[in-house]
Each structure stands twice: as structure tokens, then as C-alpha cells.
Amino acid sequence: MRLLIRQDYDTVSRWAARYIAEKINEAEDKPFVLGLPTGSSPLGTYRELIALCRAGKVSFAKTITFNMDEYVGLDAAHPQSYHRFMWDNFFSHIDIQKENVHILNGMAKDLAKECALYEEQIRASGGIDLFLGGMGADGHIAFNEPGSSLQSRTRVKTLTMDTKIANARFFDGDISRVPTTALTVGVGTVMDAREVLIIVSGHNKARALKASVEEGINHIWTLSCLQAHPHAIIVCDEAATDELKVGTVRYFKDIEG
Ligand code: GLP
């Protein structure tokens, strides 16, 4: 697992966007399968990718996307649904084809069937080339809350109080309006991607970053699963390193520049 430390959120975002654009360009005519997150962490990266697309430096015409997660019970038009988030902040501004976008349907009648179908669609597309992600302050990846199986696949998860408190900011600060369950790809689904790139920014993520990088692989800090991935990169800003050991920071700065 690589840990890249950049000065601030903007430099992290620029680095991540350029890395993704490079991978899409390297795929040339082959469809590139990209896993995507929501949240504030990827917003800067989406802005940079939109700029690169507008400048003609990358095209998403052959990109197939799979989003990580979606709330149960919010329809695609709901202002806080991850469908809306993705179209408002990214898809509407790039040259992606609508039929190549995949987002779990939190309104599906049979949620287990929806999750199984999603796994099938990922398989049928040839698997995910690069999974972009963020991390919750409790170390979760997608909605794989503490205690999630590291072998888990796409399924329904109950959100923890920590996550509901963190996400209440999108629901006028009202925790009671935050959905209590979500559909999410599993830790195993993320681990199957050929590459994983995680964006971590801010002091409030420092404790989780420390646990995920310096402690062992465990199901409480689910991002720690990346330690076992052959091609995983965490790109973080200085503020997120506040809890890392001096030696850890020096080591990664030394080998990564
Ligand atoms: C939610 C999402 C995660 C995201 C996390 C952190 O729980 N399901 O995919 O990584 O929030 O969000 P933020 O980037 O806003 O801190």
C-alpha cells in the first residue's frame, strides 16, 4: 500500500484527478471501469476531472462507472440521494454515456436482489479497473461500517450513529432525517478492483488514517483492508497525518517524494 502525502486538499485533488485521467487515457479504446464515491472528499477531484475533460485532456465516452453506495429509501431525484450527488457534481459536466453509469437503487423492492445484480453487472463489465474512494472518520470505506466482514459483497448495511451524525449536515443537521440503512459494495467488492485510490483530507480523519495505516488489518477500521491489496494508494493531505508517527510520515515521504 502506498501513502502519498500532499500539502493540502487542492494538491491532493489535482494529483488524484491527473492519476485517474492518465489511467483512462492509457486504456485507449478499451472501456475503463471506474468505481466512484460520494462525500466531500472526492469533490475537488471531480472538479479537476471536469476541467480536464473540458480542456480535451480526458474523455469519459468509454468509461463505465459503478458507485459505491446509496441510501435506502431515497429516490434518484431526492436532493440528498447519491444519484443526485453524482449527476449534479460530476456526470452532468462530462461526456459520459448515461447507460454506462451504475448506481445502486435504494428504492428497489427486493434489495438483496438489487445487490446481487450489481455484483453481476460489475463482473459482466470485466471487473473494476480503479476504485476511487474516501474514508469515514471511523475508518469506513463505502458504507462498510466498523465490524463489516472483510469478505463482504454488495449488501444492505445499517448506518452507525457516528455516520448518521457526520451525514446529518446534508439533512439540515437533523439526524432523524438521515436514512438508517444503505446499500453498499462490500469490502471484498472493493478489494477485487485492480487498483484502489483513496482520498483522505483533514484533521478529523487523522485517527482513522493512523489506525488504517499503522495498525493491523481488522474489521473495525475497514479501510485497513488496503494493506492486503496489491495496488492500493492513499493520497492524503498534511492535516490527515496529524496522528501518524513521525517515522511513518518520514518513511512515506522518503519513498514517495
Ligand atoms: C459516507 C460515504 C463514504 C465516504 C464517507 C466520508 O459514509 N458512504 O463513501 O467516504 O461518507 O465522507 P466525506 O468525504 O464527506 O468525509
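As a reminder, the structure under discussion sits directly above these lines.
Residues numbered from 1 in each chain as written. Predicted model: local features only at pLDDT ≥ 70, side-chain atom pairs only at ≥ 80, totals over all residues. Heavy atoms only, no water.

Draft legend 1. Region of the structure containing the sheet that holds strand β4 (residues 69–71). What the three strands build is an open sheet, ordered β4-β8-β7; its pairing is antiparallel. Of all the strands in the sheet, just β4 and β7 (155–158) have a single pairing partner and so form its edges. Strand-to-strand twist across the sheet, computed as the mean angle between neighbouring axes with direction ignored, equals 30°. Where β4 and strand β8 (residues 181–184) come together, three bridges link them in antiparallel fashion. Pairing of Y71 across the sheet is with A182, part of β8. (Pairing = 2+ DSSP bridges. Helix = DSSP H or I, 4+ residues; strand = E, 2+ residues; numbered from the N terminus. Axes fitted to C-alpha atoms, helices over the stretch in contact; angles between N-to-C directions.)

Draft legend 2. Layout of the packing of helix α1 (residues 9–26) against helix α2 (residues 43–54). One way to put it is that α1 packs onto α2 with a least axis distance of 8 Å and a crossing angle of 50°. Relative to α2, the element α1 lies oblique. Regarding α1 and α2, the two cross each other, and that crossing is right-handed. Here α1 contributes Y9, S13, R14, A16, A17, R18, I20 and A21 to the contact with α2, which in turn contributes L43, G44, T45, R47, E48, L49 and L52. For the contact of α1 with α2, the residue count by class is eight nonpolar, three polar and four charged. (Parallel < 35°, antiparallel > 145°, perpendicular 65-115°, else oblique. Left-handed = near helix turned anticlockwise from the far one by under 90°. Contact = heavy atoms within 4.5 Å. Nonpolar A, V, L, I, M, F, W, Y, C, P; charged D, E, K, R; others polar.)

Draft legend 3. Highlighting α1. A rise of 1.5 Å per residue sets the reference length of α1, with its 18 residues, at 26 Å; its end C-alpha atoms lie 26 Å apart and thus fit the reference within 8%. The set of residues buried in α1 consists of V12, S13, W15, A16, A17, Y19, I20, A21, K23 and I24. Downstream of α1 by one or two residues, E28 has phi in the positive range, about 50°. (Expected span 1.5 Å × (residues − 1). Buried < 20%, exposed > 50% of the residue type's maximum accessible area, 1.4 Å probe, protein only.)

Draft legend 4. Main features of the pattern of salt bridges. What the rule picks out here adds up to eleven salt bridges. A salt bridge links D192 to R153; the shortest N-O distance between them is 2.8 Å. Placement of D192 in the loop between α6 (187–191) and β9 (195–200) and of R153 in the loop between β6 (130–133) and β7 is noted, with a sequence separation of 39 residues between them. (Salt bridge = Lys/Arg side-chain N within 4 Å of Asp/Glu carboxyl O.)

Draft legend 5. How the structure looks around the site of the ligand. Within the structure, the ligand sits among 13 residues, and S40, S41, D69, H140 and K205 are positioned closest to it. Note that a nitrogen atom of the ligand is positioned 2.7 Å from one of the side-chain N or O atoms of D69. Measuring from a nitrogen atom of the ligand, one finds a backbone N or O atom of A142 at 3.2 Å. For the ligand, whose unbound accessible area comes to 390 Å², protein coverage reaches 93%. Partitioning the shell around the ligand into residue classes produces four nonpolar, six polar and three charged. (Near = heavy atom within 4 Å. Polar contact = N/O pair within 3.5 Å; in protein donor to acceptor, adjacent residues only side chain to side chain. Areas by Shrake-Rupley, 256 points an atom, 1.4 Å probe, with all protein chains shown as cover.)

Draft legend 6. Seen up close, the packing of aromatic side chains. The final tally for this structure, using the stated rule, is eleven aromatic pairs. Measuring from ring centre to ring centre gives 5.5 Å for F66 and Y118, while their planes differ by 80°; the resulting arrangement is edge-to-face. A residue pair is termed long-range when its members are at least 10 positions apart, and F66 in strand β3 (residues 63–67) and Y118 in helix α4 (residues 111–124) qualify at 52 residues. With relative accessibility at 1%, the residue F66 sits in the buried group. Here a set of aromatic residues connected by ring pairs shows up, and it is made of Y46, F60, W87, F90 and F91. (Phe/Tyr/Trp six-rings, centres within 6.5 Å; stacked < 30°, edge-to-face > 60°.)

Draft legend 7. Summary view of the side chain of T63. By secondary structure assignment, the location of T63 is in strand β3. Leaving out residues up to four positions away in the same chain, T63 has contacts with I24, F32, L34, I96 and N100.

Draft legend 8. Local environment of the packing of α2 against helix α3 (residues 82–89). Contact geometry of α2 with α3 gives a least axis separation of 10 Å together with a crossing angle of 40°. It follows from the interaxial angle that α2 and α3 lie oblique. In contact with L43, Y46 and I50 of α2, α3 contributes F85, M86 and N89.

Draft legend 9. Molecular detail of helix α7 (residues 206–214). Taken together, the buried positions of α7 are A206, A208, L209, A211, S212 and V213. Taken together, the buried residues of α7 touch β1 (2–6), β9, β10 (232–237) and α8 (246–256).

Draft legend 10. Expanded view of the state of the cysteines. Under the defined criterion, the tally for this structure stands at zero disulfides. The closest cysteine sulfur to the non-disulfide-bonded C225 is located on C236, 17 Å from its own sulfur. By relative accessible area, which is 0% here, C236 ends up buried. (Disulfide = S-S within 2.5 Å.)

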